[in-house]
Amino acid sequence: MSSSPPAPAAPTGAAPKSHRVRVAVTAPDPLSHEGVLSQLRRHPEIELSQASGPATVALFIEDTIDEAALTRLRRAVRSEGARAVLVVGAVRESELLDVIECGVGAIVWRREATAQRLAQAVLTAARGGGDLPADLLGQLIGQVRRFQRDGAGQPGFFASFTKREVDVVRLVAEGLDNSEIAVKLSYSERTVKNVMYGLTTRLHLRNRAHVVAHALREGFI
């Protein structure tokens, strides 16, 4: 009795479609749009979104930040439920908290937008993580500390936090992922995930970067 021929093998390196991160790209001009698409096509774990259907991550390319750009970011996060990645030429220090509080999980300088850097930002944002360039993180800390001095004596945002929540947020701010935080605090990784989920849900925050921004604002970092 003859046997059926074996099924063709899946392409090497291809990720199952259900495991891929769907990304929608918005750009101010066709050249920038196609440039980012060509970079992201190199990564099999990323699926580029077509006109229909929701995206997991909304990637925005901007030269600078203005109110129209902030509105686009807010709409993607609040109305469409996407994680936001911003690829930008420049961000003034006074605009940085506005960008974070719009729900942006990752920021990439346009001059550093290689295929690897873009994929890292997209995948980090898709997991609910934060990814800021080191110089922007320094600006954010400086700005928030000035706010702290100006608002000295006001009730702290984290006044109702448990010690466990504060410990986890401090390590998130240092750039540790869930597994590293679990090891550092002798928790399970599930416990760390539950702490972050509880914070974002209870305080109506959008992602890890937003939690860190509020922690900085209130002097816990």
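See above for the structure.
Residues numbered from 1 in each chain as written. Predicted model: local features only at pLDDT ≥ 70, side-chain atom pairs only at ≥ 80, totals over all residues. Heavy atoms only, no water.

One pass over the full model with this rule turns up six salt bridges. One salt bridge in this structure joins arginine 74 and glutamate 67, with 3.2 Å as the shortest N-O distance. On the accessibility criterion, arginine 74 (25% relative accessible area) is partly exposed. The partner of arginine 117 in a salt bridge is aspartate 131, and the shortest N-O contact between them spans 3.0 Å. Placement of the pair is arginine 117 in helix α4 (residues 115-126) and aspartate 131 in the loop between α4 and α5 (134-150), with a sequence separation of 14 residues. Since its relative accessible area comes to 14%, arginine 117 is described here as buried. In this structure aspartate 131 comes out as buried when scored by relative accessible area, which is 10%. (Salt bridge = Lys/Arg side-chain N within 4 Å of Asp/Glu carboxyl O. Buried < 20%, exposed > 50% of the residue type's maximum accessible area, 1.4 Å probe, protein only. Helix = DSSP H or I, 4+ residues; strand = E, 2+ residues; numbered from the N terminus.)

Further remarks concern the nonpolar core. In summary, soluble globular proteins display a tendency toward joint burial of nonpolar side chains. With 41 residues, the main nonpolar core has Ile65, Leu86 and Ile107 as its most contacted residues. The leading source of residues in this core is helix α9 (residues 208-217), at six residues. When neighbours within four sequence positions are excluded, leucine 86 is seen to be in contact with Phe60, Glu62, Ile65, Val99, Val104, Ala106, Ile107 and Val108. Counting 21 residues, the second largest nonpolar core, distinct from the first, contains Leu37, Val57, Val87 and Ala106. (Core = buried A, V, L, I, M, F, W, Y, C linked by side-chain atoms within 4.5 Å. Contact = heavy atoms within 4.5 Å.)

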